[in-house]
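Here is how the chains run, residue by residue.
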Amino acid sequence: MTGNDIRRAFLDFFVEHGHQEVTSSPVVPAEDPTLLFTNAGMNQFKQVFTGEETRRYLRAVSAQKCIRVSGKHNDLENVGRTPRHHTFFEMMGNFSFGDYFKEEAVALAWEFLRETIGLPKDRLYVTIFTEDDEAEKVWTSATDIDPHRIYRLGKKDNYWSMGETGPQGPCSEILFDLAPTADTNPATIDPTDGDRLLEIWNLVFMQYDALPGGEIVPLPSPSIDTGLGLERLASILQGVTGNYETDLVLPLIEEVAGITGIDYDPGEGGLSHRVIADHVRGLTFAITDGVIPSNEGRGYVLRRLLRRAARHGRKLEMGEPFIHQLVTRVVEIFSEAYPELAAASERVKLVVKTEEERFGETLDQGIQKFEELAGSVEASGEVAIPGREAFMLYDTFGFPLDLTQVMAEERGLPVDVEGFQEALKEQKDRSRADRADRDASLDEEAHAATEIIRPEQGRTFVGYEREDWTFETKAVALFNDQFGHVVHLDQGEEGWLVLAETPFYAESGGQISDTGEISGEACSFRVERVQRIGGVFFHGGTVSSGSISPGSVSAEIDAIRRERIMRNHTATHLLHAALREVLGDHVQQSGSLVEAERLRFDFSHFSSMSSAEQAEVERWVNRAVQADVALETSELPQQEALAAGALAFFGDKYSDIVRVVDTPGWAKELCGGTHVTRTGEIGYFRLTQEGSISSGVRRIEAVTAQDAVETAIREHQTVLGLKDLLGGGSEADLINQAEQLLQENRTLRKATAKDAEKRGMDQVDELIGNATEVEGVPVVVGRVEAVDIGMMRHLADAVRNKLGRGVGVLGMEHEEKVVLLCVVSDDLVSEGWMAGPIINTIAQITGGKGGGKAHLAQAGGPDIMKLDEALSSVPEIIRSHAPGLPAH
């Protein structure tokens, strides 16, 4: 049976026995902050087991996609080293929510194993909890298993609990004998010997409830939770020694071998093949379900997986991105059961390839710097990589600590992890220090100010409706600009006012605050900002006339500015929905700014948006604007709002009752901000900028209404100007004309570079003709002219190749700095000559430094006036670095 056959047979068997087939939940758990990834079949039924949720069925069956890379179920370090550990795996399970219990669970499991897939009875064993007499009776009465094959084990092996409190109970594991020709006497077989008896199915009997305080009581409706590993069962039915040889993994290993050209070794030599095959499964499923590699949370776990696979790719001599090529094979293997993979395959490949390319750049730079660092550590006699140096690799070159540890281990060097963490903490402390020093005392005063405000005052916002934008209220408290309590503020003074109720929106959720005017009898206070501190709305600004004190006032927001903000906020919701529609559901808000003049939206995405994608997003939003849909707002319990399809954002805090802003048919989000009443009020929407702000996070800026019109006019004027500059013609001709000019420019540059290269090669020939000898070694030294450093390296390679045996040192001025290169022939490298120390000594004369590999090293320096002096010192410096000679 293939893996697909086994999965289908399992689901069909339980459906035939009255179970509801439930689709696998995503690998990202919904509403469960205790988990990074779904790691068991029961995760999606957790609230059913705890009684917080009810379903329309009492029996369920599923094949659940799982990832285990963190916490107590972290299998990462064992992946590829054992036959059965994975980061990604499938757990099949049947569940009873207060319906059947032990007898039917055992009978169903036995029937499936014995009759449906035909496992031999004499190779099956069972373990039960040592105190569970009922389970033993069930096994002996409901099945024909030999009672001597039933083993009692303690709580560590055969008891399951959801946590310190909640459902729990004994469990029974079904084991398969991997060595049936060995000793078959049950009395002498160790049931905990996983190499002999392979656990394939765990039946959990949830019959108790652990209460706060430690009391354990019987559950009123005992339930069943089971888990059967698909890969393990496939290895048995396909007659192979481990999961990696099944048709669920082996095709990927064979693909790795085909791409790398290195045959697979089922033993230790195949570790890299197995790790890559395992990790690409997890990557494909996680990215399909919306996780994007990043520097935190699930994204960081994914980034580690990919970088780990890439590192093993380097061990298979793959310097270029290739892991993305394996995604197609993953989809072929699993899309029958998980059709979402096929729909997302191109996106997944692009995410993986982009991340591979980024890491390739990081790896190349980091490896070079690591080699220099490790060489320095070894030369100095130190016994470990200093933590601060490891942090420098991380902070400057993005080189992850775990990779530094792996490479250091290969050279027999530990890494000072404590020193690394200390340097990391110091950096974070420094970045916070200035702001903390500035804000700490003021923040303390602000919170102290809230304590004198009565509980029923200063905490109510009434400004959603236009009729409340001019609102009669009372000033209940005044504070100076340092939040000191005062009885009045005079003309020209800055300070803070608290109103009994306010129409002014306080800065929140990415939306800036309102501005406007608070007026009393013969006084006026210009509101410049509004902050909500400790639940109290503080209106900051300046007294523009008279003297203001507590009493009746009229609060009037700047209506024109508010309307612009509302248009931009509603447009932000539509933009978010448009991005998810055009780019995919992986798009999630990472940040936003809603101002009167523009809107800014940060979102998770793995590559720059094409001009076609940007245009389609603009069209989508403007279609929503032209539809002139009436917005609907409501307040609902949070779970009800989410169930109705409203978007919420990871990391945001919401109260039990949330405000839902719904643009029917277009967008629905949890939001406390201010919005237009109809989408037509937005008028017109225009993107102005799209770019990257960090790995995996993009930023879009946009404008609406008259600002969008003015943007369109400016862009059209630019097009007209280009037409005039390029000699007229239609707008459609502009791109062709620009491309023609660029091609002519490229041709000229190519001719110039070719001419420069010819002159450079002439210089090389001349320099080699003037070579001198130092300690019997030919030495070439001199200035060269090159258009860039790349061409200079080309000339240095030419010196090395033409010289045959010897040392070459080239120097040039480039962008008002000194650039130096040193090359050493292979035979001299084998004799102990090293380019790095030579170039570093030369560079010191110009005020610089450098390093590199034994055969090629580069350096730079700021003092171009010292270049000739540095080059004239080369023979003596080379003599001082000659192997076997005393330093001069």
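As a reminder, the structure under discussion sits directly above these lines.
Keep in mind that what you see is a predicted model, and the values were worked out from it rather than measured.

Re the overall build of the protein
When helices and strands are tallied, the protein shows 24 helices and 33 strands. Along the first, second and third principal axes, the C-alpha atoms of the protein reach 100 × 100 × 60 Å. Expressed as a percentage of its 888 residues, the buried residues of the protein come to 48%. Looking at the protein alone, contacts between residues at least 24 apart form 66% of all its contacts between residues at least 6 apart.

What about the packing of helix H8 (residues 271–288) against helix H11 (residues 340–380)?
Contact pair H8 / H11: the axes reach a minimum separation of 9 Å and the direction vectors enclose 110°. When the axes of H8 and H11 are compared, the pair comes out roughly perpendicular. Residues Thr284, Phe285, Ile287 and Thr288 of H8 form the contact with H11, whose own contacting residues are Glu340, Leu341, Ala344, Arg347, Val348, Val351 and Val352.

Some details on the sheet that holds strand E25 (residues 667–670)
Spatial ordering of the open sheet is given by E23-E24-E25, a layout of three strands whose pairing is antiparallel. Of all strands in the sheet, those with a lone pairing partner are strand E23 (632–637) and E25, marking the two edges. In this sheet, adjacent strand axes meet at a mean angle of 25° when their direction is disregarded. Here six bridges tie E23 to strand E24 (residues 657–663), and the two strands are oriented antiparallel to one another. The residue of E24 that forms the bridge with Leu636 is Val658. Against the sheet, helix H15 (residues 559–583) makes contact with E24 and E25, and its axis sits at roughly 115° relative to E25, the strand it touches most.

Quick notes on the pattern of salt bridges
Any two side chains of opposite charge can pair, on the condition that their charged atoms come close. Tallied over the full model, the rule gives 47 salt bridges. Residue Arg388 pairs with Glu422 through a salt bridge whose shortest N-O separation is 3.3 Å. Remark: Glu422 occurs in helix H14 (residues 417–450) and Arg388 occurs in helix H12 (residues 387–397); sequence separation between them is 34 residues. Exposure remark for Arg388: the relative accessible area of 43% places this residue in the partly exposed category. Among the residues examined, Glu422 registers a relative accessible area of 42% and is labelled partly exposed.

Structural notes on the nonpolar core
Generally speaking, a soluble globular protein has its nonpolar side chains buried in company with each other. Core analysis: the biggest nonpolar cluster contains 108 residues, and Phe112, Trp139, Ile200, Trp201 and Ile385 have the highest contact counts within it. Here this core takes 11 residues from H11, the largest share from any one element. Here Trp201 is in contact with Phe10, Phe14, Asn94, Ala109, Phe112, Leu113, Ser172, Glu173, Ile174, Thr226, Gly227 and Leu228, once residues within four sequence places are set aside. One finds Leu478, Ile548, Leu631 and Val676 within the second-largest nonpolar core, a separate group that totals 26 residues.

Remarks on the sheet that holds strand E33 (residues 856–861)
Either a parallel or an antiparallel arrangement is found when strands of a sheet pair, and the pairing is made through backbone hydrogen bonds. Sheet architecture is open: six strands sit in the order E28-E29-E30-E31-E33-E32, paired in mixed fashion. The strands lining the two open edges of the sheet, one partner per strand, are strand E28 (772–774) and strand E32 (849–852). Taking each pair of neighbouring strands and ignoring which way they run, the sheet shows an average axis angle of 20°. Judged from the eight bridges that link them, strand E30 (residues 807–814) and strand E31 (residues 817–824) form a sheet pairing that is antiparallel. Across the sheet, the residue bridging to Gly811 is Leu820, located in E31. Contacting strand E29 (777–783) and E30, helix H19 (residues 731–769) runs over the sheet at an angle of about 135° to E29.

Remarks on the side chain of Arg7
Along the chain, Arg7 turns up in helix H1 (residues 3–16). The class for Arg7 is buried, based on a relative accessible area of 5%. Non-local contacts of Arg7, meaning those with residues more than four positions away in its chain, are made with Ala63, Glu90, Met92, Leu230, Leu248, Phe334, Ala337 and Tyr338.

A closer look at the packing of aromatic side chains
Here the structure, examined in full by the defined rule, presents 29 aromatic pairs. Here the aromatic cluster, defined as three or more aromatic residues joined through ring pairs, consists of Phe10, Phe13, Phe14, Phe112 and Trp201. The ring centre of Tyr159 lies 4.8 Å from the NZ or CZ of Lys155, which sits over that ring. Above the face of the Tyr464 ring, Arg659 is positioned so that its terminal group lies 3.7 Å from the ring centre.

What about the pairing of strand E7 (residues 166–177)?
Burial of E7 is extensive: 12 of the 12 residues sit out of reach of the surface. The pairing of strand E6 (residues 159–161) with E7 spans three bridges and is antiparallel. Residue pairing for E7: Trp160 is matched across the bridge by Gly169. Two elements, E7 and strand E8 (residues 197–210), share 10 bridges in a ladder whose sense is antiparallel. Opposite Leu175, over in E8, you have Glu199 as the bridge partner.

Focus on the packing of helix H9 (residues 297–315) against helix H13 (residues 401–410)
At their nearest, the axes of H9 and H13 sit 11 Å apart, and the two run at 30° to each other. Between H9 and H13, the angle is such that the two are roughly parallel. With respect to the hand of their crossing, H9 and H13 are arranged in right-handed fashion. Contacts between H9 and H13 involve Arg304, Arg311 and Lys315 on the former and, on the latter, Asp402, Leu403, Val406, Met407 and Glu410.

Overview of unusual backbone geometry
Glycine aside, the phi torsion of most residues is negative, and most peptide linkages are trans. Positive phi values are uncommon outside glycine, yet Asp628 reaches one of about 50°. Within the fold, Asp628 resides in the loop between helix H16 (611–627) and E23. The class of Asp628 is partly exposed, set by a relative accessible area of 31%. A positive phi angle, close to 55°, is found at Glu775, a residue other than glycine. Tracing the backbone through its elements, the reader meets Glu775 in the loop between E28 and E29. We classify Glu775 as partly exposed; its relative accessible area is 44%.

Looking at the side chain of Arg659
For Arg659, the position within the fold is in strand E24. One buried charged side chain, Arg659, makes no salt bridge at all; its nearest oppositely charged neighbour is Glu635, positioned 5.6 Å away. Within the structure, Arg659 has its side chain in polar contact with the backbone oxygen of Gly673 (distance 2.7 Å). If we ignore the near neighbours within four places in the chain, the residues touching Arg659 are Tyr464, Thr633, Ser634, Glu635, Glu669, Leu670, Cys671, Gly672 and Gly673.

Let's talk about H11
Taking 1.5 Å of rise per residue, the 41 residues of H11 would be expected to cover 60 Å, and the 55 Å separating its terminal C-alpha atoms lies within 8% of that figure. Maximal helix bending in H11 amounts to about 45°, located at Glu346.

Points about the environment of Thr328
Here Thr328 shows up in helix H10 (residues 327–334). Residue Thr328 is classed as partly exposed on the basis of its relative accessible area, which comes to 32%.

Points about the pairing of E31
For a regular strand, side-chain orientation follows a simple rule: the groups alternate between the two sheet faces. Across the eight residues that make up E31, a large majority, seven, are buried. The antiparallel hairpin formed by E30 and E31 contains two residues in its connecting segment, where Glu815 sits at a positive phi of about 50°.

Some details on the environment of Ala854
Position of Ala854 among the secondary structure elements: in the loop between E32 and E33. With 22 residues separating them in the primary sequence, Ala854 and Gly832 have C-alpha atoms 8.7 Å apart. Dropping the residues within four chain positions of it, Ala854 is found in contact with Val824, Val829, Trp833, Met834 and Ala835.

Regarding the environment of Met865
Inspection of the secondary structure assignment puts Met865 in the loop between E33 and helix H23 (867–872). The class of Met865 is exposed, set by a relative accessible area of 72%. C-alpha separation for the pair Met865 and Val818, spaced 47 residues apart in sequence, amounts to 8.9 Å.

The rules we used
- Residues numbered from 1 in each chain as written.
- Predicted model: local features only at pLDDT ≥ 70, side-chain atom pairs only at ≥ 80, totals over all residues.
- Heavy atoms only, no water.
- Helix = DSSP H or I, 4+ residues; strand = E, 2+ residues; numbered from the N terminus.
- Buried < 20%, exposed > 50% of the residue type's maximum accessible area, 1.4 Å probe, protein only.
- Contact = heavy atoms within 4.5 Å.
- Axes fitted to C-alpha atoms, helices over the stretch in contact; angles between N-to-C directions.
- Parallel < 35°, antiparallel > 145°, perpendicular 65-115°, else oblique.
- Pairing = 2+ DSSP bridges.
- Salt bridge = Lys/Arg side-chain N within 4 Å of Asp/Glu carboxyl O.
- Core = buried A, V, L, I, M, F, W, Y, C linked by side-chain atoms within 4.5 Å.
- Phe/Tyr/Trp six-rings, centres within 6.5 Å; stacked < 30°, edge-to-face > 60°.
- Lys NZ or Arg CZ within 6 Å of the ring centre and 35° of its normal.
- Left-handed = near helix turned anticlockwise from the far one by under 90°.
- Lys, Arg positive; Asp, Glu negative; His and termini not counted.
- Polar contact = N/O pair within 3.5 Å; in protein donor to acceptor, adjacent residues only side chain to side chain.
- Expected span 1.5 Å × (residues − 1).
- Bend = angle between axes of the 7 residues up to and from the residue.

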